[in-house]
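Listed below are the residues making up each chain.
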Amino acid sequence: ADHLGEVVVHALELTRLESGEDFVCAETFEVASVIEHLTKEFAAALKMQQNKLLLEVPADLGQATTDAVKVQQVLHHLLINANKFTHGGTIHLSARADGDMLEMRISDEGIGIPEVTRSAVFDAFAEVDRTTKRLFGGALAGLAVSSGLAELLGGSLTLGEPRATGAEFVFR
């Protein structure tokens, strides 16, 4: 039931993004406090998967003026996937200012993304493979939503370089 609910929510989010019905509510906020709030929400989920979250967020990261809720949504989807595909490992979340742009990276020590599926990772309802679907519960629609939200905010979401284990996503 949880998986079905997740699919429905992602479908609705994608529909809003694709139809142009979604919009940005810009506000000025402390980036580090948004990240801190989000990571507290994930404490129980991390514990269930026996994962650790390593934060590399400078205390003086400063403020951003954009839609804090959408930034949080992108990070939320990325953390959910990192936690879903990692067991007994470490998930890294780093943030830094790059001029007037903010860059956040989330990487994990999970199952990774096979080379043959890397080009489709941001496609709505893409799957890594059948075994992954069976073991981890389905589609990666959260990545399509996150990519759409990043673009709506005037930024981007990209997949980092191939790794021996796990995956890395860069949100700018």
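Our subject in this report is the structure included herewith. (Residues numbered from 1 in each chain as written. Predicted model: local features only at pLDDT ≥ 70, side-chain atom pairs only at ≥ 80, totals over all residues. Heavy atoms only, no water.)

**Digging into the overall build of the chain**
- Helix and strand counts for the chain come out as six helices and seven strands.
- Reading the secondary structure of the chain in the N-to-C direction produces α-β-α-α-β-β-α-β-β-α-α-β-β.
- Sorting the 172 residues of the chain into buried and exposed places 45% on the buried side.
- Put simply, 73% of the contacts in the chain that link residues at least 6 apart link residues at least 24 apart. (Helix = DSSP H or I, 4+ residues; strand = E, 2+ residues; numbered from the N terminus. Buried < 20%, exposed > 50% of the residue type's maximum accessible area, 1.4 Å probe, protein only. Contact = heavy atoms within 4.5 Å.)

**Brief notes about the pattern of salt bridges**
- Summed over all chains, the structure comprises seven salt bridges.
- Residue Lys70 pairs with Asp67 through a salt bridge whose shortest N-O separation is 3.5 Å.
- The buried category is assigned to Lys70, whose relative accessible area is 8%.
- Between Arg96 and Asp98 there is a salt bridge, with its nearest N and O atoms 4.0 Å apart.
- A relative accessible area of 40% places Asp98 in the partly exposed class.
- One salt-bridge network, held together by shared partners, links Arg96, Asp98, Glu103, Arg105, Glu168 and Arg172. (Salt bridge = Lys/Arg side-chain N within 4 Å of Asp/Glu carboxyl O.)

**Focus on the packing of aromatic side chains**
- Within this structure, the stated rule accounts for one aromatic pair.
- Here Phe122 and Phe169 contribute two aromatic rings whose centre-to-centre distance is 6.0 Å and whose plane-to-plane angle is 75 degrees, an arrangement assigned as edge-to-face. One end of the pair, Phe122, is in the loop between strand E5 (101–107) and helix H5 (130–136); the other, Phe169, is in strand E7 (residues 168–171), with 47 residues separating them in the sequence.
- By relative accessible area, Phe122 is classed as partly exposed at 24%.
- A relative accessible area of 8% means that Phe169 is categorised as buried. (Phe/Tyr/Trp six-rings, centres within 6.5 Å; stacked < 30°, edge-to-face > 60°.)

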